[in-house]
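# Topology and contacts: notes
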Amino acid sequence: MNSPLPPPGAPLTHYVSTAPFDPYSVEAMTAGQAKVYQASQLRLMWWKFKKHRVALVSGIFLLALYLMIAVAEFLAPYNLHTRNMDFIHAPPQRVRLFHDGQLVGPFVYGRTMQLDMDTLRRIYTDNTADVQRLRFFCSGDPYKFWGLWEADFHLVCPAEGGQFFALGTDRLGRDVLSRIIYGARISLTIGLIGIAVSFTLGIVIGGLAGYHGGYLDLMVQRVIEVLQSIPSIPLWMALAAIMPVSWSPILVYLGITVILGLLDWTGLARAVRSKLLALREEDYVLAAQLMGAKSSRIIGRHLVPGFMSHLIASATISIPGMILGETALSFLGLGLRPPITSWGILLTEARSVSVIAFYPWLLYPMIPVILVILAFNFLGDGLRDAADPYK
Amino acid sequence: MMAATCLPASLARATLALQEPEFFKEKLADGTLPPMTERLPKVPRVINLAAMDRKPGRYGGTARMVIGSQKDTRLMTINGYARLVGFDEHLVLQPDILERFEQVENRVYTFRLREGHRWSDGHPFTVDDFVYYWEDVLNNKEMRPRGLPLDLLSDGKPPRFEVVDPLTVRYSWDVPNPDFLLRLASPQPLTLALPAHYMKQFHPKYADPEALKKIVEEEGEDDWTGVHINRSRTYRPENPDLPTLDPWRNLIAPPAEQFIFERNAFFHRVDETGQQLPYVDRVVLNVSASGIIPAKAGAGETDLQTSGLDFVDYTFLKDAEKRYKVQVRLWERTQGSRIALLPNLNCGDKVWRDLFRDVRVRRAMSVAIDREEINKASFFGLARESADTILPQSPLFKPEYQHAWAQFDPDLADKLLDEAGLSARDDDGLRLLPDGRTASLIVESAGESTLETDVLELVTDHWRQVGLKLHVRTSQRDVFRSRALGGEIMVSVQQGIDNGIPTADMSPSGLAPTGDEQLQWPVWGLHYLSAEQKGEAPDLPEAKRLVDLMRQWKRSSSTAERETIWTEMLSIYTDQVFSIGIVNGTLQPIVTARNLTNVPEKGLYGFDPTAFLGVYLPDTFWFDGSA
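If you're wondering where the values come from, they're calculated on a predicted model, not measured in any experiment.

### Describing the overall build of chain A
- When its secondary structure is counted, chain A shows 14 helices and five strands.
- What you see for chain A is a C-alpha radius of gyration of 31 Å, clearly larger than the 21 Å of a compact globule of 391 residues, by over 25%.
- With respect to the principal axes defined by its C-alpha atoms, chain A has extents near 125 × 60 × 40 Å.
- The proportion of buried residues among the 391 residues of chain A is 34%.
- Put simply, of all contacts in chain A between residues at least 6 apart along the chain, 71% involve residues at least 24 apart.

### Overview of the domain arrangement of chain A
- Domains assigned within chain A are domain 1 (93–164) and domain 2 (178–387).
- For domain 1 of chain A and domain 2 of chain A, the distance between their C-alpha centres works out to 40 Å.

### Quick notes on the sheet that holds strand β14 (residues 326–333) of chain B
Residues and elements named next belong to chain B.
- Taking strand neighbours across the sheet as the criterion, the four strands line up as β13-β22-β14-β24 in an open arrangement whose pairing is mixed. With one partner strand each, in any of the chains shown, β13 (304–305) and β24 (604–605) form the two edges of the open sheet.
- Across seven bridges, β14 lies against strand β22 (residues 587–593) in antiparallel orientation. Of the residues in β22, the one forming a bridge with Trp331 is Gln588.
- Lying over the sheet, helix α11 (residues 314–323) contacts β14 and β22, oriented at roughly 150° with respect to β14.

### Points about the nonpolar core
- Residues Ala364, Val443 and Met569 of chain B are the most contacted members of the largest nonpolar core, which totals 179 residues.
- Among the elements that line this core, the one with the most residues is helix α5 (residues 127–138) of chain B, at six residues.
- Beyond its immediate chain neighbours, meaning those up to four positions away, Val443 of chain B contacts Leu341, Leu456, Leu470, His471, Val472, Val491 and Val493 of chain B.
- Trp265, Leu268, Val272 and Leu276 of chain A belong to the second-largest nonpolar core, a separate cluster that totals 66 residues.

### Here we look at the sheet that holds strand β10 (residues 258–263) of chain B
Residues and elements named next belong to chain B.
- Taking strand neighbours across the sheet as the criterion, the four strands line up as β2-β12-β10-β9 in an open arrangement whose pairing is mixed. Either end of the sheet is taken by a strand with one partner, and the two such strands are β2 (62–67) and β9 (248–250). Strand-to-strand twist in this sheet, taken as the mean axis angle between neighbours without regard to direction, amounts to 25°.

### Regarding the interface of chain B and chain A
- Listed by partner, the interface residues are 24 residues for chain B and 18 residues for chain A.
- Among the elements of the structure, α10 (293–298), α11, α14 (371–379), β17 (440–445), α17 (450–465) and β18 (469–474) of chain B are those that each provide at least two residues to the side of chain B that touches chain A.
- Looking at which element gives the most residues to the side of chain B that touches chain A, the answer is α11 of chain B, with five residues.
- Looking at side-chain class alone, the side of chain B that touches chain A contains nine nonpolar, seven polar and eight charged residues.

How each quantity is defined
- Residues numbered from 1 in each chain as written.
- Chains lettered and ligands numbered in written order.
- Predicted model: local features only at pLDDT ≥ 70, side-chain atom pairs only at ≥ 80, totals over all residues.
- Helix = DSSP H or I, 4+ residues; strand = E, 2+ residues; numbered from the N terminus.
- Rg over C-alpha atoms; globule rule 2.2 N^0.38 Å.
- Buried ≥ 20, exposed ≤ 12 C-beta atoms within 10 Å, placed from the backbone.
- Contact = placed C-beta atoms within 7 Å.
- Domains from an automatic or database assignment.
- Pairing = 2+ DSSP bridges.
- Axes fitted to C-alpha atoms, helices over the stretch in contact; angles between N-to-C directions.
- Core = buried A, V, L, I, M, F, W, Y, C linked by C-beta atoms within 7 Å.
- Nonpolar A, V, L, I, M, F, W, Y, C, P; charged D, E, K, R; others polar.

Structure representation (structure tokens):
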């Protein structure tokens, strides 16, 4: 009998290896791999994001801008409303370092203005004898910091009794650079506040519609379709016309952001809804339901975090839309009004032919608008890639 | 005087063979158009160009113009300035379409037509056209259910209309109607005649009822009056079929992007050599967005442009002279103020209404404005800092009108406002109204020009200094009047009084509440306008006085009497600061093709009384091909 099995009752013939055994030895990980596998979602995103160089640079740029607007008063050489009637439509002044072959540090030449009564132009000529050294960390034009504290401390100021218009002046002799810096405060925050409004609305409405489905979903979908089919500019115009003129500029500003937010939530709501439609069928939702969780808790704690990263990315991408929206509204004279100054307002004032022909520096506010919008787009792009780090 | 001006023309015509415009060559050849001598009235109006320092010209060419909207075809009626009587360059009334006119005590007006004068379709222009308009239009109950237009009433009574002989008509009132001729000479004139031979087909008295019914239905009107009104619009020449007496006639019916005006072969003016005017064959109006008119003018796309241009465009236009064959001239505008702030004395807010009716408040608002700064910033210091009043070019001008409450004196403003009960201030230094609100004024602007925005921005700061806050609201010019009537407007920004260069014989209606378009007192104006049927009577003694003076002027029969009335009205108006003027005598760029000859170097530009280019006779402008 030649059976592999021992006869009944006899002990089995086998041996136990005493060598160390590692069940994962086939797919052993290096220290680096282990780090990846143990990394949190956030850390993974950051790594992925870092690889997107343009997005990283854009992110830093935007961060710097947002830090800047917090101290706009300090950075701007002049107050927002300071008029200089002797320097109307003055072209940008060049900052120089050398005078007569000698290093004197940053300075500008003083200028004299002549009226050409034939063509009615103001002609500015540099007076090379008049060296006006720029002052740094100096006291200059007085302002109210954040509208609260009187101060006059600036990063850079013109020489005593001198002028420094790095980007020229407008038709009332106001410094364009200072106005751009102050304008950034409005233009950049309007995007953030607007997106906060649309974000909240989008998640709440889209979340409810997606999670509950049925009639609620049907209704929300139709409302969204109707809202999206209304041409946006006339709708903005109507809403902007409702705001009373006597409102203080700050209220108008808030009103405009809310309007922009109110009209922008539809896309986000759709995205949230479609995601939720898929996720609500998951087992963990059923489990939560069985444990008696309310829908707000299920949406807020279990569903939304699952695709939050996508939401953040898409929100970032829609901020430029908000900024452009504000610019467009103000350009049409419907949005913000002076004395509030945004980039849109600055551009409105640069609409005429003569500006393009003679005073091109009044179009400079276009540059930050373009840069900020590009930066937001790159940043959004990077965030979207990073949001799904395993791909 | 008539004889003197006629003589050279008849001489010239006898000696010189008249040269026909190339434009009519074909029509003349196939006989559809008679030769010039038969097209002209027996006694044409002779424009002595040499006496005006101009040169007789040559026919031909197309003048291009850009207009901001279709409505602006009216510019052709205004600039063409063919009126029964019209002003000349020196603002003296001259017979134009009429051969002569006589008036007795400003009551009896006798008009003599030119023999052989024809409408642009060749049909004779006769007293029948006056009779038709008087009997079948003005006195037709269906056409005018509320009776005659106000301009034809004197002391509420209509005139007697008589046909004296086949070339003469007479309008006579019992009380003087000194405004009558001026209304005929105004840029938007009072109509007295329509081409009866054409219009009769739309009038049930003459037309075949079936045919007329069909037309009414086709045009979607309720009855024949709508059709008749549409077809007979003369101020806006919308009907290419309507015969006209203007120098050019429209060929295109709106809606259109381009309007072509062609020379009127039967126009009644000639130059001193007997050549029929106008010189320019065609005027083409292109409709475009008003914002880009300066750009188009600067790119040489127009040959004669005044509307849509502003002083701020001058630098750009002047620069364009180097690149394109255009020339820019600067004329002086005639409004009483280029920009004026009009506090609405009929404002709905009771507190503000009472304040605006307090002369101290109006004066304070005026002296708080630093006009010099505005002049320097927006007008290169070339404008005249002035109250909203008449210009030095007017024979009625006195310096005290210009300077009345037009100085910059914030201390005085503070004092006046304190006295007016606005002495309480809040933490920000803003004044408080008697009911505790902060004194913030809403100024309505049509937002048509950056100039307005700039000036308002400066005024905001000036008023802030004396504790008044200013907000600007932009709204459409079209709704201004109804909103002001409803009291919804507090303060509006507009141009000052229309006619800044009046003579005593011109109507002072701009200085008294006489119309609902006067945004400082629209309700009072409506009261006057509607013959006291609507609106409210003024209850401010000074405004009442102005209305009384206006009524006196209407009944006046001598220039000396009118001068006294004007003087009193001007001093009341400026002393009471019913409108807050800022600067006047600002400059208006006039862009023409460089070879357009006979355009005066200097001129006065305004709607009333110069009818924009009207009194400078654009029909005498011509293209010098050799230049």
